[in-house]
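# Fold and geometry: a report
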Amino acid sequence: MTRHDLPSSEITPESAYLDRRRFIAAAGLAGAGLLAAGSLARGAFASGPTPQQKSLGTPYGLQPGDDPTAEEDVTSYNNFYEFGTGKGDPVENAQGFVTKPWTVKVEGLVKKPGNYQLEDFLKPSKVEDRIYRMRCVEAWSMVIPWRGIMLADVLKRAEPTAGAKFVEFTTLMDPKRMPGQRYPALDWPYNEGLRLDEAMHPLTLLATGVYGKELPPQNGAPLRLVVPWKYGFKGIKSIVRIRLTEKMPSTSWSIANPGEYGFYANVNPQVDHPRWSQATEQRIGRFRRIPTLMFNGYADQVGSLYSGMDLRRNY
Amino acid sequence: MAPLGGVAREPRGFSALLIVLAAVPAVYYVGAMIGDLFFETRFLGTRPIEAGEHNLGKWTLRILFASLAITPLRRITGWNWLAKHRRTLGLYAFGYLALHLLTWTLLDVQLFISEYVSWADVQKDLLERPYITIGMLAFLLMIPLAVTSTKAMIARLGKRWRVLHRLVYVIAILGVAHFFMAVKKDIREPLIYAAVLALLLGWRVWEARRSRLQSASTPAPA
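Residues numbered from 1 in each chain as written. Chains lettered and ligands numbered in written order. Predicted model: local features only at pLDDT ≥ 70, side-chain atom pairs only at ≥ 80, totals over all residues. Heavy atoms only, no water.

### Structural notes on the pairing of strand β2 (residues 103-108) of chain A
Residues and elements named next belong to chain A. Pairing analysis gives four bridges linking β2 to strand β3 (residues 114-117), with the strands arranged antiparallel. Bridge assignment links Thr103 to a residue of β3, and that residue is Gln117. Taking the residues between adjacent antiparallel strands as the criterion, β2 and β3 are bridged by five residues. Examined bridge by bridge, β2 and strand β11 (residues 239-245) share four bridges and lie parallel to one another. Along β11, the bridge assignment pairs Val106 with Ile242. (Pairing = 2+ DSSP bridges. Helix = DSSP H or I, 4+ residues; strand = E, 2+ residues; numbered from the N terminus.)

### Describing empty space enclosed by the protein
Empty space among the atoms becomes visible once a probe the size of a water molecule is rolled across them. Residues and elements named next belong to chain A. Going through the model one piece at a time under the given rule, you end up with five cavities of 30 Å³ or more. In terms of lining residues, the largest cavity is bounded by 25 residues, among which Asn79, Phe80, Arg224, Gly232 and Lys237 are the most central. No other element matches strand β5 (residues 140-150), which puts four residues into the lining of the largest cavity. Considered class by class, the residues forming the lining of the largest cavity number 15 nonpolar, six polar and four charged. (1 Å grid on protein atoms, 1.4 Å probe; cavity = no way out; pocket = protein on both sides within 12 Å on 5 of 7 lines; lining within 4 Å. Points joined across faces, edges and corners; volume = space filled by probe spheres on them. Nonpolar A, V, L, I, M, F, W, Y, C, P; charged D, E, K, R; others polar.)

### A look at the packing of helix α3 (residues 85-108) of chain B against helix α5 (residues 130-147) of chain B
Residues and elements named next belong to chain B. Here α3 crosses α5 at 140 degrees, and the two axes come no closer than 10 Å. Taken together, the axes of α3 and α5 lie oblique to each other. Considering how the two elements wind past one another, α3 and α5 form a crossing that is left-handed. Of α5, the residues touching α3 (which contributes Gly90, Leu91, Ala93, Phe94, Leu97, Ala98, Leu101 and Trp104) are Ile132, Met136, Ala138, Phe139, Met142, Ile143 and Ala146. Residue composition of the contact of α3 with α5, grouped by class: 14 nonpolar, one polar and no charged. (Axes fitted to C-alpha atoms, helices over the stretch in contact; angles between N-to-C directions. Parallel < 35°, antiparallel > 145°, perpendicular 65-115°, else oblique. Left-handed = near helix turned anticlockwise from the far one by under 90°. Contact = heavy atoms within 4.5 Å.)

### A closer look at the interface of chain A and chain B
Opposite the 36 residues of chain A that make contact, chain B presents 33 residues. Carbon and sulfur atoms supply 47% of the area buried between chain A and chain B, which totals about 3,000 Å² over both sides. The interface formed by chain A and chain B includes five salt bridges. Between Asp272 of chain A and Arg129 of chain B there is a salt bridge whose closest N-O contact spans 3.0 Å. Secondary structure elements with two or more residues in the side of chain A that touches chain B: α1 (8-11), α3 (71-74), α8 (252-256), β12 (280-283) and β13 (289-291) of chain A. (Buried area = accessible area lost by both parts, 1.4 Å probe. Salt bridge = Lys/Arg side-chain N within 4 Å of Asp/Glu carboxyl O.)

### Re the pairing of β5 of chain A
Residues and elements named next belong to chain A. Among the eleven residues of β5, nine are classified as buried, and the element is accordingly described as predominantly covered. A loop of four residues connects strand β4 (residues 128-135) with β5, the two strands running antiparallel in sequence, and Ala139 in this loop sits at a positive phi of about 75 degrees. Where β5 meets strand β8 (residues 205-210), five bridges bridge the pair, whose relative direction is antiparallel. The residue bridging Trp146 from the neighbouring strand is Val210, located in β8. (Buried < 20%, exposed > 50% of the residue type's maximum accessible area, 1.4 Å probe, protein only.)

Structure follows, in structure tokens:
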């Protein structure tokens, strides 16, 4: 995997005058995007994170100009079909969604299955603030400061058996509390999955918060998956069950439209969605399109997981 | 048949009102997009380009439907003075479609704007993505209708004008198909548009059959 070369226009702030609602914090420009190859580099900028980033968390894989997306946009423009299929529906329909108490089941091919109260589920793990890029399959993107725990931490504690190859996640099924589930937009409940090595990757997060606050319901409270090198729909929300399996789990969007959405859903500018190009993306809050990066800019960290795989076929 | 409510002639100011009203959504969405993108306003939410583009597309269909509603409305109400507004609304629909297409090209796809987007990309969109192909076809088919909407052209084309302008039914069907194919999963909204169009076209089929039956049962004048 070659590092994506940044065109000079990307590192000159000349296009800045076209950007909307820009953050005051200036992006660290020097030596930008130089990740320590192979290892999970902390901080994308050689010059270190900007003051704004520092207050929000540790940046991972950020590129020049990757200012965190406005909180208002992060928490009001959401794909969460359990609360409606419009982007503005979740923030409107999810406000009364009660997430206390909440239980999470860990089951399947593990030595230590369990049914946890959320607090007990989270307690043993270190909470981290991480700023990630988020690329939606619909060709828009954000930069989001998440708060959460590493999924690997949870899985290690459950002790997967030798036969475990995949991790399956399931969202709460409750049409009374999730009005979107009364309309069969998808085959409810929402289901997602990762290969075990993807799930164990240190970038894979179980988020409980955003912008330093508790996750609002429209963003998938109280517990959601964040896999920054995959399209956003892999980030299943309001998780109630984590199951280790031997077979590849079926996932909601690939059931709904197998020709358009696959199991892997790795961000890949070279493999188009049948209805649109994935080569570029619209960054929320900016006017000009920016190039989409292989694995959403995390190629150095995750590229090796897919070596030898035909990514055109395994989309 | 006596016109409904005795409105035999066009009420004063109706034409002007229609021209102003039909322009309001276009002015709003174009203005709001420009404001949101370049002047820090927030009329259209998080993604102003998407919102403007989608709404201009939906307004194209709504105004096209309004033009298709005039003939049934005339028959039902007897307000024959509505007839000339088919052209006003038809031309507006063309204008909305042109704005929708312009928004797509310049602001969404960003041809000529983004250094990362080339003609080849747009060509691929047009040729390999059926919903875009269909939308573009609808636009191309609308051009001859707009061009032949002048009084001089109507007179010049005579009978052929009516035949040519039946293309509007094809255009409306293509437009609704384009909407269906563009949505990701939830087809409820395009379904409503399809139902309205089915009603407008269904009425014409029904009306044609009725008048055929009627002329068959009444003896031809000697």
